[in-house]
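Residue strings, one per chain:
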Amino acid sequence: RIGSTAPVTFRWTVTPTAADPTWLEVQPLQGSSGESVTVTITPAHLELGTYSASLKIVADDPTLVNYEQSIPVSLQVVEQVHTAYLPLIVSAPPR
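Residues numbered from 1 in each chain as written. Predicted model: local features only at pLDDT ≥ 70, side-chain atom pairs only at ≥ 80, totals over all residues. Heavy atoms only, no water.

Asks: Before we go on, may I ask you to explain the sheet that holds strand β5 (residues 49-59) in this structure?
Replies: Sheet strands line up and pair through hydrogen bonds in the backbone, either parallel or antiparallel. Taken together, the four strands give an open sheet; going across it, the order is β3-β1-β5-β6, and neighbouring strands pair in antiparallel fashion. For this open sheet the edge positions go to β3 (30-32) and β6 (68-77), each flanked by a neighbour on one side alone. Averaged over all pairs of adjacent strands, the angle between their axes in this sheet comes to 25 degrees, without regard to strand direction. In terms of strand pairing, β5 meets β6 through ten bridges, oriented antiparallel. (Pairing = 2+ DSSP bridges. Helix = DSSP H or I, 4+ residues; strand = E, 2+ residues; numbered from the N terminus. Axes fitted to C-alpha atoms, helices over the stretch in contact; angles between N-to-C directions.)

Asks: It is not clear to me how the nonpolar core should be interpreted in this structure. Could you clarify?
Replies: A general trend in soluble globular proteins is that nonpolar side chains are found buried together. In terms of nonpolar packing, the biggest core is built from 17 residues, with V14 and W23 touching the most fellow members. Contributions of two or more residues to this core are made by β1 (11-18), β2 (24-27), β5 and β6. It is β5 that provides the largest number of residues to this core, a total of five residues. Discounting residues that sit within four places of it in the chain, V14 has contacts with I2, V26, L29, V37, L55, K56 and I57. (Core = buried A, V, L, I, M, F, W, Y, C linked by side-chain atoms within 4.5 Å. Buried < 20%, exposed > 50% of the residue type's maximum accessible area, 1.4 Å probe, protein only. Contact = heavy atoms within 4.5 Å.)

Asks: Mind showing me how you'd approach the side chain of S54 here?
Replies: Mapped onto the secondary structure, S54 falls in strand β5. In contact with S54, not counting residues within four places along its chain, are T15, P16, T17, S70, I71, P72 and V73.

Asks: How should unusual backbone geometry be read in this particular structure?
Replies: Negative phi is the rule for most residues except glycine; trans is the rule for most peptide bonds. A cis amide bond links Q27 to the next residue, P28, at an omega of -10 degrees. Tracing the sequence through the fold places P28 in the loop between β2 and β3. In the Ramachandran plot, N66 falls in the positive-phi region, its phi being about 60 degrees despite a non-glycine side chain. One can find N66 in the loop between β5 and β6. Taking relative accessible area as the criterion, N66 reaches 56% and is therefore assigned exposed.

Quick look at the structure:
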């Protein structure tokens with residue numbers, strides 16, 4: 001949710017920036033304080049590697065503290081994800 005600690009209502013816009021913007025989708029791109037933003041990452045067509053972007057969020061009221069924010073987004077596409085399972089050891093209490 002995009003909001004402020006101050007009891008004010010404002011409108012905002014989100015601008016995603018990425019070299020290849022097809023992997024990052026943001027909806028909605030504008031709204032009012034208290035509303036949420038959904039970020040969807042789609043790595044299916046990407047080559048292996050690290051991809052970076054940012055979400056620039058700007059409130060329409062420049063008198064708000066931190067009315068402009070930038071949130072970094074990083075995606076690492078790997079060939080295979082490995083999962084390791086540790087053994088479960090259960091011991092009974094001594095009798």
